[in-house]
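Listed below are the residues making up each chain.
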Amino acid sequence: MIIPNSNPPQYVGFKRKEGKYFDFIKNKNNDIFNDNAQFATTGLRGNYLDVTVEYWKPGDNTPDQGAEKGEMFAISTEAQRS
Amino acid sequence: MGTTIGIEYYNTFILAGGGTSSSDMVTDRGKYHVEESRVKGGYNNTSTDYGVKAHAVDDEYGMRTRENAMIYSGIFNAKTKVNNTNQFPIGAEITKAVDITNGSIQKLYAEDTNLNIFQENKVSNALIDKDAIYTAEGTPMQTISNIVIGQIVPYLGKHGISQNPESFAFFGGRKYFADKSRGVILRLSRDGLTSISANGMKDFFRDNLPNATSIYGMYDEQKDKYVISLQGSNISGGKVATSNTETSATTDYLTLGFDEKTKGWVSFYTYKPSFGFSLENQFYTFNKQNLYQHYKSDVGRCKFYGSSFSDPAYVNLIMNDEPSVVKNFLTINYEGSTGWTASPITESHNNTTSTTSYSSIVHEGYKIHEEGDYT
């Protein structure tokens with residue numbers, strides 16, 4: 001995902017709020033409003049979501065140092081009946 | 001003048017020549033072997049003969065592999081230093097066979113007074129008569145008992161270790177092994193044989209066990225896990241880092257662990273062990289011939305076998321609040337440490353409605369920034 005350079009900067013990714021990290025699920029493929037927005041419409045429609053959540057720091061190539069520990073306690077989604 | 005008188009009797013043979021070839025017998029005269037059948041060569045002295053034969057003669061001898069039978073030797077007595085472990089007298093009842101219809105014996109595991117016998121299609125247990133071993137101090141074993149391996153009692157359930165004795169691992173009273181032929185992973189404990197692969201991974205093992213050529217089992221005492229590694233050219237799955245910036249799917253192995261506390265398969269691992277074991281609460285595995293200790297604090301997480309970059313840690317999950325309802329998924333959130341990304345997110349709906357249906361939607365990776373980085 002491209003972070004635009006124009007002001008004001010737009011937030012990308014999980015945002016910390018009340019102890020959780022939130023983000024909107026954005027649909028990249030269908031721009032149903034045809035507004036050519038930088039970020040396409042919010043929401044995915046379906047019976048279920050397949051999600052892969054990954055913790056990886058590709059640039060970390062220091063073998064003798066303990067890497068940061070990635071902890072994942074719970075993950076959830078907010079869905080709206082349609 | 002003396003004269004030569006021939007006698008009918010003789011008790012001595014003299015062989016001329018000292019060489020080894022037939023020509024030496026002629027040319028190397030002057031060297032002789034003298035063999036005589038009487039002590040000191042005297043007339044009618046005590047003679048030697050072949051003596052009695054020690055054992056009965058087996059006229060139809062020949063090599064035979066009895067893959068369903070066991071044999072045990074004489075005992076070693078530490079007090080008297082009598083070591084009969086090289087003796088396998090054919091006259092004594094020292095063999096014990098199990099049912100050949102259940103295949104060959106692949107693994108023996110002695111445990112207190114029990115001997116666990118793992119055949120390809122059956123697991124049995126035999127009492128080992130410890131009295132016969134512990135009390136035999138100079139007295140013959142037969143006066144106490146001549147049965148070392150007692151009655152063989154099979155465990156309930158038609159399960160065996162197939163041909164993968166390398167999958168065996170144990171901790172305490174629990175023994176774990178894989179049954180490739182029936183596509184399950186089993187635990188043998190006081191409650192008998194239990195299929196631990198049924199705890200959520202039945203399909204996985206049913207699909208992947210037949211493709212594995214080697215199934216290495218090991219017990220991780222530090223984290224209390226039975227770690228199993230399926231290896232073979234047809235195995236695929238998982239994801240490892242191939243460089244500092246690239247990941248790829250693994251091609252020939254899958255390593256995963258079973259946790260007894262949660263009664264489930266808790267995680268896949270990105271290392272490919274060629275074997276492993278636990279020693280004094282530490283977990284070690286081999287990478288080919290090299291030995292590595294796991295859970296060392298001075299090595300970065302997800303880095304195995306001296307790799308200079310770490311493998312990714314990831315969780316695949318399905319979100320489905322109300323299974324039968326088509327929903328709009330609006331947000332995704334998690335509790336944990338910062339640094340997780342979500343990529344990809346795909347949905348199940350497949351163009352069954354009009355404009356608001358999305359097929360093959362892939363969401364690019366999220367990047368995390370602390371609150372306040374972008375406003």
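In this text, all values refer to a predicted model and were calculated from it rather than measured experimentally.

1. Details of the sheet that holds strand β13 (residues 184-189) of chain B
All names here are of chain B.
- One open sheet accounts for 4 strands, arranged β11-β12-β13-β14; its pairing is antiparallel. Each end of this open sheet is capped by a strand with a single partner; those strands are β11 (169-171) and β14 (192-195). Adjacent strand axes in the sheet meet at a mean angle of 25°, parallel and antiparallel pairs treated alike.
- Bridge count between β11 and strand β12 (residues 174-179): 3 bridges; the pairing is antiparallel. The partner of F171 across the bridge, within β12, is R174.

2. Overview of the confidence of the model for chain A
Residues and elements named next belong to chain A.
- Averaged over chain A, the pLDDT score is 65; the fraction of residues at 70 or greater is 49%.
- Confidence drops under a pLDDT of 50 for residues 1-12, and excluding neighbours within four residues, the segment shows 22 contacts in the predicted structure.
- Ignoring residues within four places in sequence, the model shows residues 31-35, a span with pLDDT below 50, making 8 contacts including any to other chains.

3. Things to note about a nonpolar patch on the surface
- A cluster of nonpolar residues, I5, I7, Y9 and Y43 of chain B, forms a patch on the protein surface that exposes about 500 Å² of accessible area.
- As for its placement among the helices and strands, Y43 of chain B is situated in the loop between β2 (32-36) and β3 (69-71).

4. A look at the environment of S73 of chain B
All names here are of chain B.
- Looking at the secondary structure, you find S73 in the loop between β3 and β4 (76-77).
- Judged by its relative accessible area of 22%, S73 falls in the partly exposed class.
- Put simply, S73 and I94 are 21 residues apart on the chain and 7.3 Å apart in space, counted from C-alpha to C-alpha.
- Every residue in contact with S73, bar those within four places of it in the chain, is listed here: N84, T85, Q87 and F88.
- Reaching out from S73, the side chain makes a polar contact with the backbone oxygen of T85 at a distance of 3.3 Å.

5. A few points about the side chain of Q231 of chain B
Residues and elements named next belong to chain B.
- For Q231, the location among the structural elements is in strand β16 (residues 225-231).
- Side chain to side chain, Q231 and S229 meet in a polar contact 3.0 Å long.
- The contacts of Q231, once residues within four sequence positions are left out, are A212, T213, S214, Y216, D252, Y253, K272 and P273.

6. Considering the packing of aromatic side chains
- For the structure shown, the criterion picks out 21 aromatic pairs over all chains.
- Here the aromatic rings of Y21 of chain A and Y334 of chain B are separated by 5.0 Å at their centres, their planes lie at 20°, and the arrangement is stacked. Residue Y21 of chain A is found in strand β2 (residues 20-24), and its partner Y334 of chain B is found in strand β25 (residues 327-336); the two belong to separate chains.
- Take Y334 of chain B: its relative accessible area is 0%, and that puts it in the buried class.
- The ring of Y295 of chain B carries K223 of chain B above its face, with NZ or CZ at 5.1 Å from the centroid.
- Against the face of Y314 of chain B rests K239 of chain B, its NZ or CZ located 5.1 Å from the ring centre.

About the cut-offs
Residues numbered from 1 in each chain as written. Chains lettered and ligands numbered in written order. Predicted model: local features only at pLDDT ≥ 70, side-chain atom pairs only at ≥ 80, totals over all residues. Heavy atoms only, no water. Pairing = 2+ DSSP bridges. Helix = DSSP H or I, 4+ residues; strand = E, 2+ residues; numbered from the N terminus. Axes fitted to C-alpha atoms, helices over the stretch in contact; angles between N-to-C directions. pLDDT = per-residue confidence, 0-100. Contact = heavy atoms within 4.5 Å. Patch = residues over 30% accessible without salt bridge, like charges linked within 9 Å, V, L, I, M, F, W, Y side chains within 5 Å. Areas by Shrake-Rupley, 256 points an atom, 1.4 Å probe, with all protein chains shown as cover. Salt bridge = Lys/Arg side-chain N within 4 Å of Asp/Glu carboxyl O. Buried < 20%, exposed > 50% of the residue type's maximum accessible area, 1.4 Å probe, protein only. Polar contact = N/O pair within 3.5 Å; in protein donor to acceptor, adjacent residues only side chain to side chain. Phe/Tyr/Trp six-rings, centres within 6.5 Å; stacked < 30°, edge-to-face > 60°. Lys NZ or Arg CZ within 6 Å of the ring centre and 35° of its normal.

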